[in-house]
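An overview of the molecular structure
What follows is each chain in one-letter form.
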Amino acid sequence: MRSYIYPRLPMGQAEARLAEVIKVYDSSGLHGTGQLAAFESPKAAPAPTGGKVADAQRLVAVRESALNAVSDWYARGVVPREEVHQFDLALGASLHRSLELVPADGAHTDTWSFLSLIVMPDISALRFPSLHRTRMLGLPRNALRRPWLRQEVLGDILLSDVSLGEDTLVGLFERTALSRNRVLIREMARQLIEYEGPIARSSLARDLSKRVVLATGPLLLDARSTAELADLVSSSLVRSESFLSDERMSAANSE
């Protein structure tokens with residue numbers, strides 16, 4: 001059940017907090033950054049529209065859940081490149097389960113700035129030690145927002161025995177024409193997981209995404225039913241497989 005709203009940290013205050021986090025991280029590392037974790041800020045406040053506000057006790061539980069989910073990586077102080085997908089899956093599932101975000105809060109930049117920079121600055125830094133603003137501020141590529149959204153949209157699909165892989169997930173969620181249509185993303189993910197043909201799933205995903213994005217021009221996909229979107233994805237996937245098969249054959253013949 002979605003029942004909680006969270007404090008929001010305005011962008012100007014988030015920028016100032018990020019500078020503080022960077023300074024501490026540079027001097028004291030991950031565990032020093034963890035000492036910055038707090039559960040309230042005089043600079044942050046929940047939306048005035050009303051709702052059940054997450055109190056300090058709730059925020060403590062959210063942080064503890066996230067720390068437990070990433071404890072192995074936290075103990076090592078690093079997330080190896082080959083393990084980022086597993087890290088994001090674990091963190092996303094924890095956040096989705098513990099936050100119980102009201103949808104409007106989940107879509108708001110300032111909510112994620114508060115969570116990333118006030119409550120969990122060390123977890124954000126663990127995932128992205130460069131501390132780039134796009135990862136630390138509550139923007140779409142934020143260290144916490146991104147895995148939460150993947151869990152929010154794909155949920156059970158992420159638990160499949162077949163992994164979509166980081167590059168495929170980035171392609172699905174960071175293309176604006178796709179990301180605004182959750183039903184479409186789920187259908188693309190589902191059909192990619194079920195694909196058992198000769199083309200590498202990652203290559204197929206890249207070409208499929210391009211074809212579906214092109215279809216968003218002449219077609220109003222937001223008005224299409226789930227069945228119509230499934231047909232669109234299916235036909236696009238067939239064309240992608242055919243194109244990539246021909247391309248691979250041409251390359252082999254030219255050798």
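Our subject is the structure that appears above.
Just so it is clear, the model here is predicted, and its values are computed rather than measured.

1. Topic: the overall build of the protein
Scanning the protein from N- to C-terminus turns up 14 helices and two strands. In summary, the protein has a C-alpha radius of gyration of 20 Å against a globular reference of 18 Å for 255 residues, a match within 12%. Residue burial in the protein is summarised as follows: out of 255 residues, 48% are buried. In the protein, 74% of the contacts between residues at least 6 apart in sequence involve partners at least 24 apart. Distance between charge centres in the protein, computed from 30 positive and 31 negative side chains, equals 4 Å.

2. Re the packing of helix H10 (residues 166-173) against helix H12 (residues 182-194)
Running from N to C, H10 and H12 point in directions that differ by 155°, and their axes come no closer than 10 Å. Here H12 runs roughly antiparallel to H10, going by the angle between their axes. Every pair of crossing elements has a handedness; the one defined by H10 and H12 is right-handed. Touching Thr-168, Leu-172 and Phe-173 of H10 are Ile-185, Met-188, Ala-189 and Leu-192, all from H12. Residue composition of the contact of H10 with H12, grouped by class: six nonpolar, one polar and no charged.

3. A closer look at the packing of aromatic side chains
Summed over the entire model, instances satisfying the criterion amount to two aromatic pairs. Centre to centre, the rings of Trp-73 and Phe-87 are 5.3 Å apart; their planes meet at 75°, and the pair counts as edge-to-face. Of the two residues, Trp-73 sits in helix H3 (residues 71-76) while Phe-87 sits in helix H4 (residues 84-99), which places them 14 residues apart along the sequence. Taking the relative accessible area as the measure of exposure, Trp-73 reaches 11% and is therefore buried. Assessed through its relative accessible area of 0%, Phe-87 is described here as buried.

What counts and how
Residues numbered from 1 in each chain as written. Predicted model: local features only at pLDDT ≥ 70, side-chain atom pairs only at ≥ 80, totals over all residues. Heavy atoms only, no water. Helix = DSSP H or I, 4+ residues; strand = E, 2+ residues; numbered from the N terminus. Rg over C-alpha atoms; globule rule 2.2 N^0.38 Å. Buried < 20%, exposed > 50% of the residue type's maximum accessible area, 1.4 Å probe, protein only. Contact = heavy atoms within 4.5 Å. Lys, Arg positive; Asp, Glu negative; His and termini not counted. Charge placed at Lys NZ, Arg CZ, Asp CG, Glu CD. Axes fitted to C-alpha atoms, helices over the stretch in contact; angles between N-to-C directions. Parallel < 35°, antiparallel > 145°, perpendicular 65-115°, else oblique. Left-handed = near helix turned anticlockwise from the far one by under 90°. Nonpolar A, V, L, I, M, F, W, Y, C, P; charged D, E, K, R; others polar. Phe/Tyr/Trp six-rings, centres within 6.5 Å; stacked < 30°, edge-to-face > 60°.

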